[in-house]
Amino acid sequence: MTELIDQAPPTLAEQARAALGKRNLVLIGLMGAGKSAIGRMTAQALGVPFVDSDHEIERVSRMSITDLFAAYGEAEFRALETRVIKRLLRSGPRVVSTGGGAYINENTRRHIKRGGLTVWLNADLDVLWERVNKRDTRPLLKTENPRQTLENLMNARYPIYAEADLTVMSRDVKKETMVEEVLAAITAAGPRNQTR
Ligand SMILES: Nc1ncnc2c1ncn2[C@@H]1O[C@H](COP(=O)(O)OP(=O)(O)O)[C@@H](O)[C@H]1O
Ligand SMILES: O=C(O)C1=C[C@@H](OP(=O)(O)O)[C@@H](O)[C@H](O)C1
Ligand SMILES: [Mg+2]
């Protein structure tokens, strides 16, 4: 009896972990939304393995994303991305951060929807631009007006990202706050719908 009284209530991370069950958590959203950074930290909080699909693509191809696009083009990159993500989703639970275009590809989206609970890190253009313009690792933004390109991608992709199970607004707050919001969203979603 005393033991029960002394037990601390479950932390948010523990509650989210219980709600996730055997499912994978798949982060989707546009470049700069924080999928890679927040995904890694969320996996750590949940105590499950983390994998980033772009990182895995670079590992298996032994090429950078930039070099892959340059050498083989986007269509080949997407085909490789589909295969890699399908494989990464085969066993769970883990956190899988995808590249921004993965969920937009119909084939890949089908695998993602079957393979886990999806979280869209939604963000406005200013937040994304502020983050992505600091690096030149994103081949799709090597255009004359990359900010406009990003805006065009937002317009084309946001209705599709909106199909995600959960949405969390990515903005200029501490990364730890973002992780907490992701954990809260998983917890609120509860353990149901585990067949997806
Ligand atoms: N909440 C945040 N606050 C500040 N910087 C962030 C936040 N989330 C992500 N970042 C930074 O923004 C950049 C892009 O994040 P990243 O995780 O690579 O995005 P994505 O994988 O969605 O393209 C990185 O430098 C990352 O550290
Ligand atoms: O939006 C996209 O189509 C892409 C996003 C990138 O990943 P991040 O979203 O992690 O930057 C990377 O997969 C590639 O440059 C293509
Ligand atoms: Mg990334």
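Residues numbered from 1 in each chain as written. Chains lettered and ligands numbered in written order. Predicted model: local features only at pLDDT ≥ 70, side-chain atom pairs only at ≥ 80, totals over all residues. Heavy atoms only, no water.

## What to know about the packing of helix α2 (residues 12–20) against helix α9 (residues 175–189)
Next up, step 1: At a minimum axis distance of 8 Å, the contact between α2 and α9 shows a crossing angle of 45°. Regarding the angle of α2 to α9, the classification is oblique. Regarding α2 and α9, the two cross each other, and that crossing is left-handed. Residue-level inspection shows L12, A13, Q15, A16, A19 and L20 of α2 in contact with α9, the latter providing E180, L183, A184, I186 and T187.
Next up, step 2: Within the contact of α2 with α9, the residues separate by chemical class into eight nonpolar, two polar and one charged. (Axes fitted to C-alpha atoms, helices over the stretch in contact; angles between N-to-C directions. Helix = DSSP H or I, 4+ residues; strand = E, 2+ residues; numbered from the N terminus. Parallel < 35°, antiparallel > 145°, perpendicular 65-115°, else oblique. Left-handed = near helix turned anticlockwise from the far one by under 90°. Contact = heavy atoms within 4.5 Å. Nonpolar A, V, L, I, M, F, W, Y, C, P; charged D, E, K, R; others polar.)

## Focus: helix α7 (residues 125–132)
Next up, step 1: Turning to α7, its buried residues number three or more, namely L125, V127, L128, W129 and V132.
Next up, step 2: Contact partners of the buried residues in α7: α8 (146–161). (Buried < 20%, exposed > 50% of the residue type's maximum accessible area, 1.4 Å probe, protein only.)

## With respect to the UniProt feature "binding site: ATP" (unreviewed entry) in the protein
Next up, step 1: Here the UniProt feature "binding site: ATP" (unreviewed entry) sits at G32, A33, G34, K35, S36, A37 and R138.
Next up, step 2: Examined against the element boundaries, A33 turns out to sit in the loop between β1 (24–28) and α3 (35–46).
Next up, step 3: A residue is classified by how much of its surface remains accessible, and A33, at 1% relative accessible area, is buried.
Next up, step 4: Among residues more than four places away in sequence, those in contact with A33 are L121, L128, R131 and S170.
Next up, step 5: S36 sits in the partly exposed class, given a relative accessible area of 39%.
Next up, step 6: Sequence-distant contacts of S36, that is, excluding residues within four places in its chain, are made with F50, D52 and S97. (UniProt positions renumbered as here; feature names shortened; annotations may be inferred.)

## Quick look at the site of ligand 2
Next up, step 1: Around ligand 2 there are 13 residues in total, and K35, D54, R78, R138 and R157 lie nearest to it.
Next up, step 2: Measuring from an oxygen atom of ligand 2, one finds a side-chain N or O atom of R138 at 2.7 Å.
Next up, step 3: Protein coverage of the free-state accessible area of ligand 2, which is 390 Å², stands at 95%.
Next up, step 4: At three residues, the largest contribution of residues to the shell around ligand 2 is made by helix α5 (residues 65–88).
Next up, step 5: Split by residue class, the shell around ligand 2 holds five nonpolar, three polar and five charged. (Near = heavy atom within 4 Å. Polar contact = N/O pair within 3.5 Å; in protein donor to acceptor, adjacent residues only side chain to side chain. Areas by Shrake-Rupley, 256 points an atom, 1.4 Å probe, with all protein chains shown as cover.)

## What about the sheet that holds strand β4 (residues 116–122)?
Next up, step 1: The five strands lie next to each other as β2-β3-β1-β4-β5, forming an open sheet whose pairing is parallel. A single partner strand is all that each edge strand has here, and the edge strands are β2 (50–52) and β5 (166–169). Each strand of the sheet is rotated relative to its neighbour by a mean of 20°, with strand direction disregarded.
Next up, step 2: Pairing analysis gives four bridges linking β4 to β5, with the strands arranged parallel. Residue W120 lies in a different strand from β5, and its bridge partner there is T167.
Next up, step 3: Most of the contacts of helix α6 (residues 106–115) go to β4, to which it runs at about 115°, and overall it touches β1 and β4. (Pairing = 2+ DSSP bridges.)

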